[in-house]
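# Observations on the model geometry
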Amino acid sequence: MSRPYAEVIGDPIAQSKSPLIHNFWLGKLGLEAEYRATRVTADTLADYFADRRADPDWRGCNVTMPLKQRVFDQLDIVDLHAEVVGALNTVYRHGDAVAGMNTDTLGFLEPLRPALGTPHLFRMARILGTGGAARAIVNGLAVNGFTIVLAGRNKDKARELIEDLAGDGDHHTASLAHFAAPTEFAFDDREQCLDLVVNATPLGMRGQPPLEFDWSHAPPRSIAYDIVTDPVETPFLENARAHGFATITGLSMLVGQAAAAFERFFGQPPPRDTDSELMDLLRR
């Protein structure tokens, strides 16, 4: 007997923790539904959506690399935030239409909410990476008053992204190589400031080389945030802790963005009072 399902699509996809998260919530709620992982490439994307539109059990999908910017052409409706960001990660049925949205921004900001609720004299984020997730992160932090330093392999792409998504402000770009080499820059007092260093690249993911970042570039009291989830404890985060910095793992963003998607797929919010149990499960 068939039952409703959603899934995550991308390439590669075997490492995704999204099925574990959504199926954990489905089990807690006792819902007769499931969540899968399906490998979809850029070349098979159109065929995938043709098949799923015809499947009455399909409720939608999360979208990961390298499809977050390529999926727009397959949709009937795209929400304004996803259009502004230029990338989306959640596709769902909206009546007879197929709609898309971006929940990456919500997920990324969720573990930062306590800090964002505190006034600061200055907020700065060093964001490493210029892909689809970086677009959501740049926009979300700029809206929350951060000055952005965006680093990528291609500085022109970084500059274009800043101009598109960060709005007015004294924002900057740099190469990834700039942050790999030590600096002797003397930072001023940061006691009333909020500084982030964010790895928004796939570097450090299982099968990828580590991100080269010299922690002399991080101001005192910075928070290191890595959106990579496999492994959870990346060399980037291990090195940050070794230098005395607070850290946030990619699981926080992953669970936060999944919660918003879950409600679209299955019609009710997930049981967030089980987050501690879920996090323990994800770290195994």
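Attention here is on the structure that accompanies the text. (Residues numbered from 1 in each chain as written. Predicted model: local features only at pLDDT ≥ 70, side-chain atom pairs only at ≥ 80, totals over all residues. Heavy atoms only, no water.)

### Quick notes on the overall build of the chain
When you go through the chain residue by residue, the secondary structure sums to 11 helices and 12 strands. For 284 residues, the compact-globule formula gives about 19 Å, and the C-alpha radius of gyration of the chain, at 19 Å, lands near that figure. Taken along its principal axes, the extent of the C-alpha atoms in the chain is 65 × 40 × 35 Å. Buried positions account for 53% of the 284 residues belonging to the chain. Long-range pairs, those at least 24 residues apart, make up 67% of the contacts in the chain with a sequence separation of at least 6. Summed over all atoms, the accessible surface of the chain reaches about 13000 Å², with 48% contributed by carbon and sulfur. For the chain, the distance from the average site of its 27 positive side-chain charges to the average site of its 38 negative ones is 3 Å. (Helix = DSSP H or I, 4+ residues; strand = E, 2+ residues; numbered from the N terminus. Rg over C-alpha atoms; globule rule 2.2 N^0.38 Å. Buried < 20%, exposed > 50% of the residue type's maximum accessible area, 1.4 Å probe, protein only. Contact = heavy atoms within 4.5 Å. Areas by Shrake-Rupley, 256 points an atom, 1.4 Å probe, with all protein chains shown as cover. Lys, Arg positive; Asp, Glu negative; His and termini not counted. Charge placed at Lys NZ, Arg CZ, Asp CG, Glu CD.)

### Quick look at the nonpolar core
Note on soluble globular proteins: their nonpolar side chains tend to be buried together. One finds Phe108, Leu112, Ile127 and Leu141 to be the most contacted residues of the largest nonpolar core, which totals 29 residues. Put simply, the parts of the chain that give this core at least two residues each are helix H4 (104–109), strand E7 (122–128), helix H6 (132–143), strand E8 (147–152), helix H7 (155–165), strand E10 (193–199) and strand E11 (223–226). No other element matches the 6 residues that H6 contributes to this core. Setting aside chain neighbours within four positions, we find Leu112 in contact with Leu141, Leu196, Tyr225 and Ile248. Formed by 24 residues, the second largest nonpolar core is a distinct cluster that contains Phe24, Leu26, Val232 and Leu282. (Core = buried A, V, L, I, M, F, W, Y, C linked by side-chain atoms within 4.5 Å.)

### Digging into helix H1 (residues 18–29)
When the terminal C-alpha atoms of H1 are compared, their 17 Å separation across 12 residues agrees well with the 16 Å that a helix rising 1.5 Å per residue should span. Turning to H1, its buried residues are Ser18, Pro19, Ile21, His22, Phe24, Trp25 and Leu26. Positive backbone phi, approximately 70°, marks Gly30, located one or two places after H1. (Expected span 1.5 Å × (residues − 1).)

### Things to note about the sheet that holds strand E1 (residues 5–10)
In spatial order, the strands read E2-E1-E3-E5-E6-E4; together these 6 strands make up an open sheet with mixed pairing. Each having just a single partner strand, strand E2 (34–39) and strand E4 (77–78) make up the two edges of the open sheet. The sheet contacts of helix H2 (residues 45–53) involve E1, E2, strand E3 (58–63), strand E5 (90–94) and strand E6 (97–101), and relative to E1 the element is tilted by about 175°. Sheet strands touched by helix H10 (residues 250–266): E1, E2, E3, E5 and E6. Its angle to E3, the strand with the most contacts, is close to 160°. (Pairing = 2+ DSSP bridges. Axes fitted to C-alpha atoms, helices over the stretch in contact; angles between N-to-C directions.)

### Side note on unusual backbone geometry
The peptide bond linking Asp11 to Pro12 adopts the cis configuration, its omega dihedral lying at 5°. Note on placement: Pro12 falls in the loop between E1 and H1. Geometrically, the link from Asp230 to Pro231 is a cis peptide bond, its omega value of 5° lying close to zero. Along the chain, the position of Pro231 falls in the loop between E11 and helix H9 (235–242). Here the phi dihedral of Arg221 falls at roughly 70°; this positive angle occurs in a residue that is not glycine. Relative to the elements of secondary structure, Arg221 occurs in the loop between E10 and E11. Using a relative accessible area of 55% as the deciding quantity, one classes Arg221 as exposed.

### Quick look at the sheet that holds strand E12 (residues 246–248)
Read across the sheet, 6 strands follow the order E9-E8-E7-E10-E11-E12 without closing on themselves; strand pairing throughout is parallel. Strands with a single pairing partner mark the edges of an open sheet, and in this sheet they are strand E9 (172–175) and E12. Sheet twist, expressed as the mean angle between neighbouring strand axes with direction ignored, is 20°. Here 7 bridges tie E7 to E10, and the two strands are oriented parallel to one another. Bridge pairing in E10 places Ala125 opposite Leu196. Lying on the sheet, H9 is in contact with E7, E10, E11 and E12; it crosses E11 at an angle near 170°.

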